[in-house]
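Here are the chains, one letter per residue:
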Amino acid sequence: MIPFTLVACNFRYYAHSSSLSHSSPISSSLSHTAFASIEPFFSLLTGIFLSQKMKQFWSPSSINKNKAMVENLQNHGIVTSDEVAKAMEAVDRGVFVTDRSSAYVDSPMSIGYNVTISAPHMHAMCLQLLEKHLKPGMRVLDVGSGTGYLTACFAVMVGTEGRAIGVEHIPELVASSVKNIEASAASPFLKEGSLAVHVGDGRQGWAEFAPYDAIHVGAAAPEIPEALIDQLKPGGRLVIPVGNIFQDLQVVDKNSDGSVSIKDETSVRYVPLTSREAQLRGD
Ligand code: SAH
């Protein structure tokens with residue numbers, strides 16, 4: 001078990017769930033075990049479910065490690081639905097990071113520009129929270145899409161009839177995320193147009209394809225941007241970390257009359273949703 005102070009200090013800029021201020025058994029057991037259970041990832045090399053289509057994107061060893069990562073998340077009760085498991089199995093996390101050897105470890109990793117790819121358990125938690133809003137044909141917006149990993153998972157879930165839109169304000173990250181997606185099982189969605197990644201300030205959302213069934217924000221906002229609520233469909237759900245030093249992952253549901261219900265899911269630590277200049281200065 002790793003004490004929170006150690007985790008917090010080591011992961012200054014990292015997105016992960018904290019072990020302090022939430023009482024959900026899943027989250028609290030996760031926050032400890034997420035950092036303490038690296039070894040079992042590599043001992044869980046088990047049977048493989050793969051369509052022929054997915055196989056072309058993977059080497060046998062990355063298939064096993066990615067599959068083992070998903071199984072570990074299932075064993076900890078973080079991945080609970082078949083749809084999320086299938087999407088995470090299909091999209092090999094290894095092609096989204098430069099250090100492939102650490103790709104399947106449950107930890108955030110630097111991706112340059114003062115930001116990180118979130119830890120697998122945070123990606124999994126957000127996919128689970130949004131799952132009912134990621135059915136085939138639905139529209140999803142991924143704000144702060146970074147490596148493109150989650151955008152790719154979203155695209156696999158909503159399929160060719162749906163739309164998965166990433167918005168990221170660092171042009172170099174958008175360019176590399178497109179390359180990552182091209183090397184992943186989500187490549188066909190990019191080619192055929194149901195998946196796209198744009199350079200932009202995600203605080204404005206992406207009006208072109210609004211309203212969205214699901215909006216995910218991968219960086220912490222001081223407060224919920226109005227544009228994101230406006231671009232949410234009635235019945236839709238926004239998942240967003242909110243706060244500065246102390247942050248909560250908030251789940252915002254838009255009701256049919258346009259009002260919103262907001263619930264705190266868990267305490268988290270994400271990089272800020274900010275201006276490009278402030279991020280590059282490291283503010
Ligand atoms: N979810 C992604 C990235 C998480 S890091 C992944 O796991 O790969 C947060 C991302 O948000 C970074 O890539 C950062 O550049 C981006 N970001 C921060 N503020 C932003 C803004 N105002 N508009 C768009 N992207 C932003």
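The following refers to the structure shown.

Parameters and conventions
Residues numbered from 1 in each chain as written. Predicted model: local features only at pLDDT ≥ 70, side-chain atom pairs only at ≥ 80, totals over all residues. Heavy atoms only, no water. Salt bridge = Lys/Arg side-chain N within 4 Å of Asp/Glu carboxyl O. Buried < 20%, exposed > 50% of the residue type's maximum accessible area, 1.4 Å probe, protein only. Phe/Tyr/Trp six-rings, centres within 6.5 Å; stacked < 30°, edge-to-face > 60°. Helix = DSSP H or I, 4+ residues; strand = E, 2+ residues; numbered from the N terminus. Lys NZ or Arg CZ within 6 Å of the ring centre and 35° of its normal. Near = heavy atom within 4 Å. Polar contact = N/O pair within 3.5 Å; in protein donor to acceptor, adjacent residues only side chain to side chain. Areas by Shrake-Rupley, 256 points an atom, 1.4 Å probe, with all protein chains shown as cover. 1 Å grid on protein atoms, 1.4 Å probe; cavity = no way out; pocket = protein on both sides within 12 Å on 5 of 7 lines; lining within 4 Å. Sits in = over half its atoms within 2 Å of the grid points. Nonpolar A, V, L, I, M, F, W, Y, C, P; charged D, E, K, R; others polar. Points joined across faces, edges and corners; volume = space filled by probe spheres on them. Lys, Arg positive; Asp, Glu negative; His and termini not counted. Contact = heavy atoms within 4.5 Å. Core = buried A, V, L, I, M, F, W, Y, C linked by side-chain atoms within 4.5 Å. Pairing = 2+ DSSP bridges. Right-handed = clockwise from strand over helix to strand, strands pointing away.

## Considering the pattern of salt bridges
On inspection of all chains with the given rule, the structure shows nine salt bridges. When the shortest N-O distance is used, the salt bridge between lysine 135 and glutamate 131 registers 3.4 Å. For glutamate 131, a relative accessible area of 10% puts it in the buried group. A network of salt bridges, in which partner residues are shared, links Lys67, Glu71 and Glu89.

## Concerning the packing of aromatic side chains
Going through the model one piece at a time under the given rule, you end up with one aromatic pair. Measuring from ring centre to ring centre gives 5.5 Å for phenylalanine 96 and tyrosine 149, while their planes differ by 85 degrees; the resulting arrangement is edge-to-face. Pair noted here: phenylalanine 96 is in the loop between helix H6 (82–90) and strand E2 (109–112) and tyrosine 149 is in helix H8 (residues 149–158), with a separation of 53 residues, a long-range link. For the pair phenylalanine 96 and tyrosine 149, a shared accessibility class is recorded, and that class is buried. The ring of tyrosine 149 is capped by arginine 93, whose NZ or CZ atom sits 5.6 Å from the centre of that ring.

## Comments concerning the site of the ligand
If you check the shell around the ligand, you find 24 residues, and the closest are His123, Thr147, Glu168, Gly202 and Thr274. Within the side chain of glutamate 168, one N or O atom sits 2.6 Å away from an oxygen atom of the ligand. Taken by itself the ligand offers 570 Å² of open surface, and the protein chains cover 100% of this. Of all the cavities here, the one that holds the ligand is the largest cavity. Grouping the constituent residues of the shell around the ligand by class yields eight nonpolar, 13 polar and three charged.

## A short note on empty space enclosed by the protein
Per the stated rule, a full pass over the model turns up two cavities of 30 Å³ or more. The volume enclosed by the largest cavity comes to roughly 340 Å³. Lining the largest cavity are 32 residues, and of these Gly144, Ser145, Gly146, Glu168 and Gly218 sit closest to its centre.

## Description of unusual backbone geometry
Each neighbour pair has its own omega, and for alanine 210 with proline 211 the value is 0 degrees, a cis peptide bond. Mapped onto the secondary structure, proline 211 falls in the loop between strand E6 (195–199) and strand E7 (212–217). Here the phi dihedral of tyrosine 113 falls at roughly 60 degrees; this positive angle occurs in a residue that is not glycine. With phi around 65 degrees, asparagine 114 is a residue other than glycine that occupies positive phi space. With respect to the helices and strands, the residue asparagine 114 is situated in the loop between E2 and strand E3 (115–117).

## Overview of the side chain of glutamate 168
Position of glutamate 168 among the secondary structure elements: in strand E5 (residues 163–168). This buried residue, glutamate 168, is left without a salt bridge; arginine 276 holds the nearest opposite charge, at 7.5 Å. Apart from the residues within four sequence positions on either side, glutamate 168 is in contact with Gly144, Ser145, Gly146, Leu173, Val174, His198, Val199 and Gly200.

## Structural notes on the nonpolar core
Met88, Leu127, Leu134, Tyr149, Leu238, Ile240 and Leu249 are the most contacted members of the largest nonpolar core, which totals 74 residues. By residue number, the principal contributor to this core is H8, which donates eight residues. Other than its neighbours up to four places away in sequence, leucine 238 contacts Ile215, Val217, Ile224, Leu228, Ile229, Leu232, Gln250, Val251 and Val252.

## What to know about the pairing of E5
Side-chain direction in a regular strand flips from residue to residue, so the side chains alternate between the two faces of the sheet. In terms of burial, E5 is largely enclosed, as five of its six residues are buried. Pairing between strand E4 (residues 139–143) and E5: five bridges, direction parallel. By the bridge assignment for E5, leucine 141 is matched with isoleucine 165. Between the parallel elements E4 and E5, the chain passes through H8 in a crossover that is right-handed. Note that E5 and E6 share five bridges and pair parallel. Across the sheet, alanine 164 pairs through a bridge with leucine 195, a residue of E6.

Distances and angles like these do not, on their own, reveal function.
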